[in-house]
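A closer look at the structure
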Amino acid sequence: MVSYKALVKNVIKKADILLEVIDARFPEETRNSEVEREIIRLNKPFIIVINKSDLISREKLEKTKSRLSKIAPVIFVSSKDRSGTTMLRHQILASVSIKGRNILVGTLGYPNVGKSSVINSVTGRRRASTSPISGHTKGIQHVDAGSGIMFIDTPGVIPFDEKDEYLQGLLGIKDATHLKDQIGVAMKIIEKVLDENKAAFESFYNVKIEDENSYDVLELIGKQCNFLQKKGEVDETRTATKIINDWQNGLLLI
Ligand SMILES: Nc1nc2c(ncn2[C@@H]2O[C@H](COP(=O)(O)OP(=O)(O)OP(=O)(O)O)[C@@H](O)[C@H]2O)c(=O)[nH]1
Ligand SMILES: [Mg+2]
């Protein structure tokens, strides 16, 4: 198997412009400094595409945008709602001037951030195959988007270690059935969502949270959902699985 690093380097070398696709909910965690350094080293233009922008508030998006604009042009996209795609097309055409052949647009990013979905939403057709299970795109694939734009879709470029299981859960790289510490991951999700948008969390699960820790909150949700074992205690794994699924399916807004 060709290593991820070699594949990414090759795409950066071949492309006329790169898209670094990041997850709006985790802009810093899904940026990759090594990839950015290589792009800058080869003096290629690049655009930071903040995808899944439907999952966070406009205010948070603007904050992230103003921070990242210092590094490269930033475009918000929701592949789900098909928003931001015209802007992205314009930004690509404005960043490179190539006549007589297609502009090659390399699309890079962590697993599951929505690289293939972004390509499809710009192209307007489901040309690049997508999936909720990460690691879906294997090898590189060319997708013709019309008006002289040719995308290069790539697999998620960053292999994670076992120790990054929390991040794998939060980013949806592994689903609940593939996570070892489901309760631990669910607690991280609870912390993240409570920190960002407590009211939405309370109304989604129909619970009232004072100053309980994330473990107690998990128990509270288990009770509310009536996920109980024979002796009446909360089925924590079942509750954790539900929270992970709700988060990964984009039901908990932050
Ligand atoms: N809510 C929401 N979900 C999205 C968006 N874009 C992608 N998704 C979902 O995120 C998951 C991953 O999307 P993909 O396009 O397959 O992601 P990828 O980066 O190509 O993933 P790999 O090929 O596995 O590296 C799918 O379940 C998509 O439906 C978006 O803008 N909003
Ligand atoms: Mg893909």
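Residues numbered from 1 in each chain as written. Chains lettered and ligands numbered in written order. Predicted model: local features only at pLDDT ≥ 70, side-chain atom pairs only at ≥ 80, totals over all residues. Heavy atoms only, no water.

1. Quick word on the domain arrangement of the protein
Assigned domains within the protein: domain 1 (4-153) and domain 2 (162-248). The straight-line distance from the C-alpha centre of domain 1 to that of domain 2 is 31 Å. Carbon and sulfur atoms make up 57% of the area that domain 1 and domain 2 hide from each other, which totals about 890 Å². Linking domain 1 with domain 2 are one salt bridge. Among the salt bridges present, the one from Glu196 reaches Lys60, with a minimum N-O distance of 3.2 Å. The interface formed by domain 1 and domain 2 holds four residue pairs in polar contact (both at pLDDT 80 or more) in total. Residue classes in the side of domain 1 that touches domain 2 are distributed as five nonpolar, three polar and three charged. (Domains from an automatic or database assignment. Buried area = accessible area lost by both parts, 1.4 Å probe. Salt bridge = Lys/Arg side-chain N within 4 Å of Asp/Glu carboxyl O. Polar contact = N/O pair within 3.5 Å; in protein donor to acceptor, adjacent residues only side chain to side chain. Nonpolar A, V, L, I, M, F, W, Y, C, P; charged D, E, K, R; others polar.)

2. Quick notes on the site of ligand 1
Surveying the vicinity of ligand 1 reveals 23 residues, the closest of which are Asp54, Lys115, Ser117, Gly135 and His136. A distance of 2.8 Å separates an oxygen atom of ligand 1 from a polar backbone atom of Ser79. A total of 660 Å² of accessible area belongs to ligand 1 in isolation, and the protein chains cover 87% of it. For the shell around ligand 1, the per-class residue count stands at five nonpolar, 14 polar and four charged. (Near = heavy atom within 4 Å. Areas by Shrake-Rupley, 256 points an atom, 1.4 Å probe, with all protein chains shown as cover.)

3. Overview of the sheet that holds strand β2 (residues 46-51)
The mixed open sheet is built from six strands, whose spatial order is β3-β2-β1-β4-β6-β5. A strand with exactly one partner marks an edge of an open sheet, and here the two such strands are β3 (74-76) and β5 (141-146). Averaged over all pairs of adjacent strands, the angle between strand axes in this sheet comes to 25°, irrespective of strand direction. Bridge count for β2 against β3 is three bridges, and the pairing is parallel. Bridge pairing links Val49 to Ile75 in β3. On top of the sheet, helix α3 (residues 58-68) reaches β1 (17-23), β2 and β3; it is set at about 165° to β3, its chief contact. (Pairing = 2+ DSSP bridges. Helix = DSSP H or I, 4+ residues; strand = E, 2+ residues; numbered from the N terminus. Axes fitted to C-alpha atoms, helices over the stretch in contact; angles between N-to-C directions. Contact = heavy atoms within 4.5 Å.)

4. Some thoughts on helix α9 (residues 236-248)
When the terminal C-alpha atoms of α9 are compared, their 18 Å separation across 13 residues agrees well with the 18 Å that a helix rising 1.5 Å per residue should span. Inspection of α9 places Thr239, Ala240, Ile243, Ile244, Asp246 and Trp247 among the buried residues, and these make up the whole buried set. The buried residues of α9 all sit within an arc of 165° when viewed along its axis, so they share a single face. On its buried side, α9 packs onto α6 (165-170), α7 (182-205) and α8 (214-224). At the N-terminal boundary of α9, the capping side chain belongs to Asp235, with an oxygen 3.4 Å from the backbone nitrogen of Thr237. Just past α9, the residue Gly250 takes up positive phi, approximately 75°. (Expected span 1.5 Å × (residues − 1). Buried < 20%, exposed > 50% of the residue type's maximum accessible area, 1.4 Å probe, protein only. Arc of directions from axis to C-beta.)

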